[in-house]
Amino acid sequence: MLFAGLALSYNLRVILLGVTALGIAAGVLGAFLLFRRRSLLADTLGHATLPGVVVAFMAAAQLLDGGKPFAVLLLGALISGWFAVRAVQFLRRRTPIREDAALAIVLTVFYGAGVVLLSVVQNLELRGSSGLELYVYGMVASMSRSDAWTLAAVSVAALGVVALLFKELRALSFDEGFVAARGLPHRWLDEVLMSACLVVTIAGLPTVGLLLVMALFIVPPATARLYADTLGGTLVVAGATGAVGAVAGALASARVDHLPAGAAMILATSALFFASLVAAPRRGLLAARLRARGERRLAVESQVLRRTLGEGGLDPAHLAGCERAAVQRLVARSALVSKDAGLQLTDAGRERAHALARTEELVALYLERHPRSAPARLLLHVERIEDVAPPETITELERALGATGEVSR
């Protein structure tokens, strides 16, 4: 088997602890970013850490007699990321620049500065500079026990913050104006959320690298939205997707030589997304195709029933190919019956045809009175207006049709 014997490896258990914690925390925090339309923030923070890492290395080379101590480099990344967050907030609040543009500006400026500084360091040929690119691409295989526990502790702390402020963060994610109107510290809550994302990003930097860490904040929540309708459900599915993808990637990297673990984690997580995109029960492409096919079949059946009701019968010789298939289904469901070389409605079929006539008239009036709020699916045939309009609106429409005597009997 592909992963046989790997569970006994101590180093692998350490790695799995770290990447599992990172996958869960990044997935959960990324869900809040998704609902706030800030998914690009993770990408910005990841790229913005590069100048901090390089400057911290240069300072360590001068003050600590060479080397690149892990804690110093992460401190530099944290400071750089903090300045990036401040820059985004300044551009968003003090200028007419939109938030997505502010994120893109900060990303490109900080990453460009980091690339220039990295080139300078490599040209200076400082001792230890050859390993700096590992912070760009990640170095999961070298994760120590202390690194894994640190990553786990940071992830648990971030999840604790989410649990403690869940109600406030939920309100902030959907309606920041409502939070401000209630007198809650919406800017402070925003700071907490962005700080949690920054800390988890910095903690995951040595694991998957600054180029890929943002994917753990983006792909799992996007996968979760294919399954869940609520924020709570999205958080659970996003955390689980991040954990499964991280573990699968780490195991694949341990099994296959020269397969970078960070890239393997992202590919595994992306594979879960694309599989869900096709096969998710409600929002997958396959489900959408089957649903559209069912709606087309339903529309043809409805057309046949209305035509039979209006003409008092139906001649099979005058049916199109799709209508013949619909007739077969209606006969099998006892809505139509063959009589005297023609087709007639049964009692059940007549009841359904009248219901269709009622729905058609209600839908026409709904589209007339509520053209902006009417769902797009009302343009297709539906059997029950209750599926697309609220009860109070239906009552209003029925009164209007009853007053004019237009309801079909």
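Residues numbered from 1 in each chain as written. Predicted model: local features only at pLDDT ≥ 70, side-chain atom pairs only at ≥ 80, totals over all residues. Heavy atoms only, no water.

1. Quick look at the overall build of the protein chain
Item 1. From N to C terminus, the protein chain includes 16 helices and 2 strands.
Item 2. Within the protein chain, the fraction of its 409 residues that count as buried is 44%.
Item 3. For the protein chain, restricting intrachain contacts to residue pairs at least 6 apart in sequence, the fraction spanning at least 24 positions comes to 71%.
Item 4. Looking at the protein chain as shown, the accessible area adds up to about 20,800 Å², and 62% of this sits on carbon and sulfur atoms. (Helix = DSSP H or I, 4+ residues; strand = E, 2+ residues; numbered from the N terminus. Buried < 20%, exposed > 50% of the residue type's maximum accessible area, 1.4 Å probe, protein only. Contact = heavy atoms within 4.5 Å. Areas by Shrake-Rupley, 256 points an atom, 1.4 Å probe, with all protein chains shown as cover.)

2. Some points on the environment of Glu99
Item 1. By the secondary structure assignment, Glu99 is in helix α4 (residues 99–124).
Item 2. We classify Glu99 as partly exposed; its relative accessible area is 21%.
Item 3. Sequence spacing of Glu99 and Val88 is 11 residues, and the spatial spacing of their C-alpha atoms is 7.5 Å.

3. What about the side chain of Ser80?
Item 1. Relative to the elements of secondary structure, Ser80 occurs in helix α3 (residues 70–94).
Item 2. Non-local contacts of Ser80, meaning those with residues more than four positions away in its chain, are made with Ala48, Thr49, Pro51, Gly52 and Phe110.

4. Section: a nonpolar patch on the surface
Item 1. There is a patch of nonpolar side chains on the surface, built from Leu75, Leu78, Ile79, Trp82, Phe83 and Val199 and spanning about 550 Å² of accessible area.
Item 2. For the nonpolar patch, the element with the most residues is α3, which contributes 5 residues.
Item 3. Looking at the element boundaries, Val199 is found in helix α9 (residues 186–208). (Patch = residues over 30% accessible without salt bridge, like charges linked within 9 Å, V, L, I, M, F, W, Y side chains within 5 Å. Salt bridge = Lys/Arg side-chain N within 4 Å of Asp/Glu carboxyl O.)

5. Thoughts on the side chain of Glu301
Item 1. In this fold, Glu301 is placed in helix α13 (residues 285–311).
Item 2. A relative accessible area of 5% means that Glu301 is categorised as buried.
Item 3. At 2.7 Å, the side chain of Glu301 and the side chain of Arg329 are in polar contact.
Item 4. Reaching out from Glu301, the side chain makes a polar contact with the side chain of Arg352 at a distance of 3.3 Å.
Item 5. Apart from the residues lying within four places of it in its own chain, the contact partners of Glu301 are Ala326, Arg329, Leu330, Arg333 and Arg352. (Polar contact = N/O pair within 3.5 Å; in protein donor to acceptor, adjacent residues only side chain to side chain.)

6. Notes on the nonpolar core
Item 1. Within the largest apolar cluster, 72 residues are counted, with the highest numbers of intra-cluster contacts made by Leu29, Phe32, Cys197, Val200, Leu216 and Phe217.
Item 2. Discounting residues that sit within four places of it in the chain, Leu29 has contacts with Ala158, Val162, Leu193, Ala196, Cys197, Val200 and Phe217.
Item 3. Membership of the second largest hydrophobic core comes to 14 residues, among which are Val300, Leu305, Leu319 and Ala353. (Core = buried A, V, L, I, M, F, W, Y, C linked by side-chain atoms within 4.5 Å.)

7. Section: the pattern of salt bridges
Item 1. This model, assessed by the stated rule, comprises 10 salt bridges.
Item 2. Between Arg282 and Asp229 there is a salt bridge; the shortest N-O distance is 2.5 Å. With Arg282 in the loop between α12 (261–279) and α13 and Asp229 in the loop between α10 (213–224) and α11 (231–255), the pair connects residues that are 53 residues apart, well separated along the chain.
Item 3. Arg350 is paired through a salt bridge with Asp347; the nearest N and O atoms lie 3.6 Å apart. Here Arg350 pairs with Asp347, and both are found in helix α15 (residues 347–369), just 3 residues apart, close to one helical turn.

8. Focus: a positive patch on the surface
Item 1. The grouping of Arg289, Arg293, Arg296 and Arg297 at the surface amounts to a positive patch.
Item 2. With a relative accessible area of 48%, Arg293 lands in the partly exposed category. (Lys, Arg positive; Asp, Glu negative; His and termini not counted. Charge placed at Lys NZ, Arg CZ, Asp CG, Glu CD.)

9. So, unusual backbone geometry
Item 1. Even without being glycine, Ser334 reaches a positive phi, approximately 65°.
Item 2. Note that Ser334 resides in the loop between α14 (321–332) and β1 (336–339).

10. A few points about the packing of helix α2 (residues 40–63) against α4
Item 1. Between α2 and α4, whose axes approach to 8 Å, the crossing angle comes to 25°. By the angle between their axes, α2 is roughly parallel relative to α4. In the packing of α2 onto α4, the handedness of the crossing is left-handed. Contacts from Leu40, Leu41, Asp43, Thr44, His47, Ala48, Leu50, Pro51, Val54, Val55, Phe57 and Met58 of α2 reach α4 at Asp100, Leu103, Ala104, Val106, Leu107, Phe110, Tyr111, Gly114, Val115, Leu117, Leu118 and Val121. (Axes fitted to C-alpha atoms, helices over the stretch in contact; angles between N-to-C directions. Parallel < 35°, antiparallel > 145°, perpendicular 65-115°, else oblique. Left-handed = near helix turned anticlockwise from the far one by under 90°.)

11. Brief notes about the packing of aromatic side chains
The geometry of an aromatic ring pair is captured by the separation of the ring centres together with the interplanar angle, meaning the angle of the planes.
Item 1. Evaluated as defined, the whole model comprises 3 aromatic pairs.
Item 2. On the numbers, 5.0 Å between centres and 55° between planes, the contact of Phe35 with Phe174 is tilted. One end of the pair, Phe35, is in helix α1 (residues 10–35); the other, Phe174, is in helix α7 (residues 166–174), and 139 residues separate them in sequence.
Item 3. Overall, Phe35 belongs to the buried group, its relative accessible area being 13%.
Item 4. Centroid distance Phe273 to Phe274: 5.2 Å. Interplanar angle 70°. Geometry classified as edge-to-face. (Phe/Tyr/Trp six-rings, centres within 6.5 Å; stacked < 30°, edge-to-face > 60°.)

12. Describing the confidence of the model for the protein chain
Item 1. Taken over all residues, the pLDDT of the protein chain has a mean of 79, while the share at 70 or more is 85%.
Item 2. Counted against residues more than four places away or in other chains, residues 405–409, with its pLDDT under 50, gives 8 contacts. (pLDDT = per-residue confidence, 0-100.)

13. Details of α15
Item 1. With 23 residues, α15 ought to run about 33 Å at 1.5 Å a step, and its terminal C-alpha atoms sit 33 Å apart, in line with that.
Item 2. Looking only at α15, the buried set comprises Gly349, Arg352, Ala353, Leu356, Ala357, Thr359, Leu362, Val363, Leu365 and Tyr366. (Expected span 1.5 Å × (residues − 1).)

14. A closer look at the environment of Gly81
Item 1. You can see Gly81 is positioned in helix α3.
Item 2. Taking C-alpha positions, Gly81 is 6.7 Å from Leu198, a pair spaced 117 residues apart along the chain.
Item 3. Apart from residues lying up to four places away in sequence, Gly81 is in contact with Leu45, Ala48 and Leu198.

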